[in-house]
Amino acid sequence: MTLCPTNSLEALALDAARNLEDAPAGEIVRWAHETFGERFAITASMADGVLSHVASTAVPGIKVLFLDTGYHFAETIGTRDAVAATYDVEVETITHPLRVPEHEAEYGKLYEIDSDLCCAIRKVWPLDRALKPYDAWAGGVRRSESPSRAATPVVAWDPKRGKVKVNPLATWTDEQVDAYVEKHSILVNPLREIGYLSIGCEPCTRPVAAGEDARAGRWAGSSKTECGIHL
């Protein structure tokens, strides 16, 4: 299968956003797979296995890209391994060519100095490179997670990468996620049990206090709200 012209992909994304707005998450994943075949993959942060389970139920054996920055909690790596062993998915771990000691020898501890640059180097660039063979990719972004994500469409055009971005869980509320987890006994990162409601890299993530926004524990003390992957 060859890459589709950019203008055709963009038009396709806009049309799908309208047609699939009220579709179940599994149907959205199935549409993307039927449309793009092997040029479609999902990404997972391993805060839980919800998207991986939804996707594997719709498309058994689907490719799941996991971005390992080298700064993840051990619990996140454990969740990745559990998802790979439990669900019918093919997990591929994406890494930066520089291991953390080499990275810090060259740049220092960027997460303390310039978190935007750290995310760009350890997260955005490796994912961009990994997504080159694909026409479309999916993530677990939901509208209820934060104000910056409130307008997330179920299918969108990703102009930065020139790809279709699929958000099968975009319309799901926190209550729907919790109900799905309970109904299907979904794997959940153990950190969620101790207040880590949004889980990123260990140096930049803290538990969320009662009454705080779910993403308040990410880059606490700064105005930063996104790593750049979904922008």
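My aim in this report is to walk through the structure given alongside it, one point at a time. Since the model is a prediction, treat every value here as computed from it, not as a measurement.

1. Notes on the environment of V91
Consideration 1: Turning to its location among the elements, V91 is positioned in strand 3 (residues 89-94).
Consideration 2: Judged by its relative accessible area of 24%, V91 falls in the partly exposed class.
Consideration 3: Measuring from C-alpha to C-alpha, the distance between V91 and T43 comes to 9.3 Å, with 48 residues separating the pair along the chain.
Consideration 4: With sequence-adjacent residues up to four places away left out, V91 is seen in contact with V64, F66, R80 and A84.

2. Notes on the packing of aromatic side chains
Consideration 1: Under the counting rule described, the total for this entry stands at four aromatic pairs.
Consideration 2: Seen from their ring centres, W31 and F36 are 6.0 Å apart, and the 90 degrees between their planes marks the pair as edge-to-face.
Consideration 3: The exposure class assigned to W31 is buried, which follows from its relative accessible area of 18%.
Consideration 4: Arranged with centres 5.2 Å apart and planes meeting at 75 degrees, the rings of Y71 and Y111 form a pair that is edge-to-face. Pair noted here: Y71 is in the loop between strand 2 (62-67) and helix 4 (74-86) and Y111 is in helix 6 (residues 110-113), with a separation of 40 residues, a long-range link.

3. Let's talk about the packing of helix 2 (residues 25-36) against helix 3 (residues 50-58)
Consideration 1: Remark: helix 2 packs on helix 3, axes separated minimally by 8 Å, with the N-to-C direction vectors making an angle of 60 degrees. Our classification of the angle between helix 2 and helix 3 gives oblique. Of the two elements, helix 2 crosses helix 3, and the hand of that crossing is right-handed. On helix 3, the residues that touch A25, G26, V29 and R30 of helix 2 are V54, A55 and A58.
Consideration 2: In terms of residue class, the contact of helix 2 with helix 3 is made up of five nonpolar, one polar and one charged.

4. Let's talk about unusual backbone geometry
Working note: non-glycine residues mostly have negative phi, and peptide bonds are mostly trans.
Consideration 1: One non-glycine residue, M46, lies in the positive phi region at around 70 degrees.
Consideration 2: Tracing the backbone through its elements, the reader meets M46 in the loop between strand 1 (40-43) and helix 3.
Consideration 3: What makes M46 buried here is its relative accessible area of 1%.
Consideration 4: Positive phi is not limited to glycine here, since S185 has a value of about 50 degrees.
Consideration 5: By relative accessible area, which is 62% here, S185 ends up exposed.

5. Thoughts on empty space enclosed by the protein
Any space left empty among the atoms is revealed by the rolling of a water-sized probe across them.
Consideration 1: The full count for this structure, using the stated rule, is one cavity of 30 Å³ or more.
Consideration 2: If you add up the space inside the largest cavity, you get close to 90 Å³.
Consideration 3: Every residue along the wall of the largest cavity is listed here: Y71, Y111, C118, C119, R122, K123, C201, P203, C204, R218 and W219.
Consideration 4: The dominant element in the lining of the largest cavity, judged by the number of residues it contributes, is helix 7 (residues 115-130), at four residues.
Consideration 5: Considering only residue class, the lining of the largest cavity consists of eight nonpolar, no polar and three charged.

6. Section: the pattern of salt bridges
Consideration 1: Tallying each qualifying case throughout the model produces 10 salt bridges.
Consideration 2: The closest approach of N and O atoms between E102 and R99, which form a salt bridge, is 3.7 Å.
Consideration 3: For R161, the salt bridge is made with D158, and the minimal N-O distance between the two is 3.0 Å. Assigned by exposure class, R161 and D158 land together as buried.
Consideration 4: Beyond isolated ion pairs, a larger network of salt bridges with shared partners links D128, D158 and R161.

7. A few points about the sheet that holds strand 1
Consideration 1: With mixed pairing, six strands are arranged side by side in an open sheet as 3-2-1-4-6-5. A strand with exactly one partner marks an edge of an open sheet, and here the two such strands are strand 3 and strand 5 (155-158). Strand-to-strand twist across the sheet, computed as the mean angle between neighbouring axes with direction ignored, equals 30 degrees.
Consideration 2: By the bridge criterion, two bridges tie strand 1 to strand 2 in an arrangement that is parallel. Within strand 2, the position partnered with T43 by the bridge is L65.
Consideration 3: Against the sheet, helix 7 makes contact with strand 1, strand 2, strand 3 and strand 4 (136-138), and its axis sits at roughly 155 degrees relative to strand 2, the strand it touches most.

Basis of the calculations
Residues numbered from 1 in each chain as written. Predicted model: local features only at pLDDT ≥ 70, side-chain atom pairs only at ≥ 80, totals over all residues. Heavy atoms only, no water. Helix = DSSP H or I, 4+ residues; strand = E, 2+ residues; numbered from the N terminus. Buried < 20%, exposed > 50% of the residue type's maximum accessible area, 1.4 Å probe, protein only. Contact = heavy atoms within 4.5 Å. Phe/Tyr/Trp six-rings, centres within 6.5 Å; stacked < 30°, edge-to-face > 60°. Axes fitted to C-alpha atoms, helices over the stretch in contact; angles between N-to-C directions. Parallel < 35°, antiparallel > 145°, perpendicular 65-115°, else oblique. Left-handed = near helix turned anticlockwise from the far one by under 90°. Nonpolar A, V, L, I, M, F, W, Y, C, P; charged D, E, K, R; others polar. 1 Å grid on protein atoms, 1.4 Å probe; cavity = no way out; pocket = protein on both sides within 12 Å on 5 of 7 lines; lining within 4 Å. Points joined across faces, edges and corners; volume = space filled by probe spheres on them. Salt bridge = Lys/Arg side-chain N within 4 Å of Asp/Glu carboxyl O. Pairing = 2+ DSSP bridges.

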